[in-house]
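Okay, here's what each chain looks like letter by letter:
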There are 2 protein chains.
Amino acid sequence: MYMQFDEAKNKFIQTWGALGSQWGINKTMAQIHALLMISPDALSMEEIMDELRISRGNTSMNLRSLIDWGIVFKEYKAGERKEFFAAEGNIDELARKIAKERSKREIKPTLRVLKDVSGIDTKDSTKAAHFKAKTEELYDFVSRADNMLEKITEQKENWITKTIFKLMS
Amino acid sequence: MYMQFDEAKNKFIQTWGALGSQWGINKTMAQIHALLMISPDALSMEEIMDELRISRGNTSMNLRSLIDWGIVFKEYKAGERKEFFAAEGNIDELARKIAKERSKREIKPTLRVLKDVSGIDTKDSTKAAHFKAKTEELYDFVSRADNMLEKITEQKENWITKTIFKLMS
DNA sequence: TTAATGTTTCAATAATTTTTGAAACTTTAA
DNA sequence: TTAAAGTTTCAAAAATTATTGAAACATTAA
């Protein structure tokens, strides 16, 4: 009876985990997130451990990361002592937070380095001149892309729809 | 005299490598790409090995991957028997190829799974109904994002500038 | 042909990253 | 207070991923 659902649930969790690791996010972190996303109510650490068959330590550390990213929240239930965890329910908001976080953690530091290294004095070396030109070009590109991402995601509601609409105009 | 350039070059290669691994691309692959990008002319396998201090096997395999991605090309020099390698010189084109390749390798397969799993029959189970709703919502979102990426990058020339212009309108 | 030059493959090894599990720590109820 | 319930930390182990290096393979010049 529930066979089909369990199978689908499992497939979804595995796929989300694999997608995560292809994008530099650890598999367990992505799996916990997947599990919480499809769960109608908040889950305890025990429930997460049991469902994914992972250790308490692993669960604890990855939940902390998810909370740091701002895409999972702690919840408390009346009369219950333990903590429960729930995922950000709004997908637009989820995407916005991920975009913001990756920009902060990866793009911004890269931009800083690009700016630094493109500042060399080229004197009369062809190689250095080429290096300077390329890294400047890269800075410019990455910087624009980062601005674009910011622009796209700063509109709070339904930014994908709005953006596609603009792109078609 | 060239000290400053060498330092900058090294820093750039290391940073590009680190960025690569954060995005699921192997470090060496990203480093080779960085080296070729800033090199005014095509390099031989020997030169790449020496510069990055990596083995022949590693160099060979990662060059093949870069060629598979379509962002590095083989070149032949008159009178020289060996092969030389050069990176895609146009950054817009580079970004387009990366976007296209990641869509094909990661987003499209994920969409297929999302479509599959959201097809379950929910009967009277609340959990299954919630699962179906969430995965459908996710399918919708990812699918729109993928379309958006396609739309943005299908314009060949200077798509970033054009897109930002549209977004500001 | 064959020797020289160059490239690819892949099993073994190394490096890195993830995961475990148990001890330390924290909080709360009694 | 203390014991019970719960959470976090982190060194060690396991799993995964990247890298080496040498043998096999390919191509070309003589």
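A few words on the interface of chain A and chain B. Listed per partner, the contact involves 57 residues of chain A and 58 residues of chain B. When chain A packs against chain B, close to 5800 Å² is buried across both sides, 77% of that on carbon and sulfur atoms. Seen at the junction of chain A and chain B, the total is two salt bridges. A salt bridge links Lys11(B) to Asp116(A), with the nearest nitrogen and oxygen atoms 3.4 Å apart. In this assembly, chain A and chain B are joined by 14 residue pairs in polar contact (both at pLDDT 80 or more). Of all elements in the fold, only helix H1 (3-22), helix H2 (27-38), helix H5 (91-117), helix H6 (126-154) and helix H7 (159-168) of chain A reach the threshold of two or more residues within the side of chain A that touches chain B. Here the side of chain A that touches chain B takes 14 residues from H6(A), the largest share from any one element. By residue class, the composition of the side of chain A that touches chain B is 29 nonpolar, 13 polar and 15 charged.

Further remarks concern the sheet that holds strand S3 (residues 83-87) of chain A. Residues and elements named next belong to chain A. With respect to topology, three strands assemble into an open sheet ordered S1-S3-S2, the strand pairing being antiparallel. The outermost strands of the open sheet, each flanked by one partner alone, are strand S1 (43-44) and strand S2 (72-76). Pairing between S2 and S3: five bridges, direction antiparallel. Across the sheet, residue Val 72 finds its bridge partner in S3, namely Ala 87.

Attention now moves to the protein's contact with DNA strand D. In the region of DNA strand D, 19 residues are neighbours, and Arg64(A), Arg81(A), Thr28(B), Ser55(B) and Arg81(B) sit closest. Each atom of DNA strand D within 4 Å of the protein was assigned to sugar, phosphate or base; sugar and phosphate come to 58%. One of the side-chain nitrogen or oxygen atoms of Arg64(A) is found 2.7 Å away from a phosphate oxygen of DNA strand D. At 3.2 Å, a side-chain N or O of Asn58(B) approaches a phosphate oxygen of DNA strand D. Where the surface near DNA strand D is concerned, the elements lending two or more residues are helix H4 (56-69) of chain A together with helix H2 (27-38) and helix H4 (56-69) of chain B. Take the surface near DNA strand D: its biggest share by element is five residues, from H4(A). The class makeup of the residues in the surface near DNA strand D is three nonpolar, seven polar and nine charged.

All right, on to the protein's contact with DNA strand C then. In the vicinity of DNA strand C lie 19 residues, with Thr28(A), Ser55(A), Arg81(A), Arg64(B) and Arg81(B) positioned nearest. Taking the atoms of DNA strand C that fall within 4 Å of the protein, sugar and phosphate contribute 61% of them. For DNA strand C, a phosphate oxygen lies 2.6 Å from a polar atom in the backbone of Ser55(A). One nitrogen or oxygen atom from the side chain of Asn58(A) is found 3.2 Å from a phosphate oxygen belonging to DNA strand C. Split by residue class, the surface near DNA strand C holds three nonpolar, seven polar and nine charged.

This next bit is on the side chain of Glu93(A). By the secondary structure assignment, Glu93(A) is in helix H5. Here the side chain of Glu93(A) touches Arg96(A) through a polar contact of 2.7 Å, side chain to side chain.

Here we come to the relation of the copies chain A and chain B. Between chain A and chain B, the superposition needs a rotation of 180° and an axial shift of 0.0 Å, giving an RMSD of 0.0 Å. Seen this way, the second copy is the image of the first under a two-fold rotation axis. Here 100% of the interface residues in chain A have copies in chain B that are interface residues too; the copies meet face to matching face.

So, on to the pattern of salt bridges. Residues and elements named next belong to chain B. Counted under the stated rule, the structure contains 30 salt bridges over all chains. Glu 101 is the partner of Lys 104 in a salt bridge, and the nearest nitrogen-oxygen pair spans 3.6 Å. You can see Lys 104 and its partner Glu 101 sitting in helix H5 (residues 91-117), three residues apart, about one turn around the helix. Classification of Lys 104 as exposed rests on a relative accessible area of 53%. Of the residues examined, Glu 101 reaches a relative accessible area of 11% and is grouped as buried. The salt bridge involving Glu 150 is made with Lys 108; its shortest N-O contact spans 3.5 Å.

With that settled, consider the packing of H5(A) against H6(A). Residues and elements named next belong to chain A. Remark: H5 packs on H6, axes separated minimally by 10 Å, with the N-to-C direction vectors making an angle of 160°. In terms of axis orientation, H5 runs roughly antiparallel to H6. For the pair H5 and H6, the sense of crossing is left-handed. Here Arg 96, Ala 99, Ser 103, Ile 107, Lys 108, Leu 111, Leu 114, Lys 115 and Val 117 of H5 come into contact with H6, specifically with Phe 131, Thr 135, Leu 138, Tyr 139, Val 142, Ser 143, Asp 146, Leu 149, Glu 150 and Thr 153.

All names here are of chain B. Across its 12 residues, H2 extends 17 Å between first and last C-alpha, which sits within 8% of the 16 Å expected from 1.5 Å per residue. Most of H2 is tucked away, with 11 of its 12 residues classed as buried. Along H2, the positions that sit buried rather than exposed are Thr 28, Met 29, Ala 30, Gln 31, Ile 32, His 33, Ala 34, Leu 35, Leu 36, Met 37 and Ile 38. Backbone nitrogen of Thr 28 and a side-chain oxygen of the N-cap are separated by 2.8 Å at the start of H2; the cap is Asn 26.

Parameters at a glance
- By convention here, each chain's residues receive numbers from 1 onward along its written sequence.
- All chains are assigned letters beginning at A, and all ligands numbers beginning at 1, according to the order in which they are written.
- Note on the predicted model: pLDDT of at least 70 is required for a residue's local features to be given, and 80 or more for side-chain atom pairs to be given and counted; whole-chain, interface and lining totals, by contrast, use all residues.
- Based on all heavy atoms of the structure, the side-chain values leave hydrogens and waters out of the count.
- We call two residues contacting when some pair of their heavy atoms lies within 4.5 Å.
- Buried area is calculated as the accessible area (1.4 Å probe) missing from two parts once they are joined, with the contributions of both summed.
- Any carboxyl oxygen of Asp or Glu within 4 Å of a side-chain nitrogen of Lys or Arg constitutes a salt bridge here.
- In protein, a polar contact requires one atom able to donate a hydrogen and another able to accept it; more generally it is a pair of N or O atoms within 3.5 Å, and residues adjacent in sequence count only if both atoms are side-chain atoms.
- Helix numbering and strand numbering both begin at the N terminus, where a helix is a DSSP run of H or I of at least 4 residues and a strand a DSSP run of E of at least 2.
- Any residue outside Ala, Val, Leu, Ile, Met, Phe, Trp, Tyr, Cys, Pro, Asp, Glu, Lys and Arg is labelled polar, Gly included; the first ten of those are nonpolar and the last four are charged.
- When DSSP finds at least two bridges between two strands, those strands are taken to pair.
- We call a residue near a given molecule or strand whenever any one of its heavy atoms falls within 4 Å of it.
- What sets the superposition is a least-squares fit of C-alpha atoms, and only residues with pLDDT of at least 70 in both copies go into it.
- Only protein chains enter the accessibility calculation, which uses a 1.4 Å probe. A residue is then buried if its area is under 20% of the maximum for its type, exposed if over 50%, and partly exposed in between.
- Interaxial angle, 0 to 180 degrees, is taken between N-to-C directions of lines fitted to C-alpha atoms, where a helix line uses only the stretch in contact.
- When an angle is under 35 degrees it counts as roughly parallel; over 145 it counts as roughly antiparallel; between 65 and 115 it counts as roughly perpendicular; any other value is oblique.
- Crossings are classed by handedness, with left-handed meaning an anticlockwise turn of the near helix from the far one by less than a right angle and right-handed meaning a clockwise turn.
- Working rule for helices: expected span equals 1.5 Å times residues minus one.

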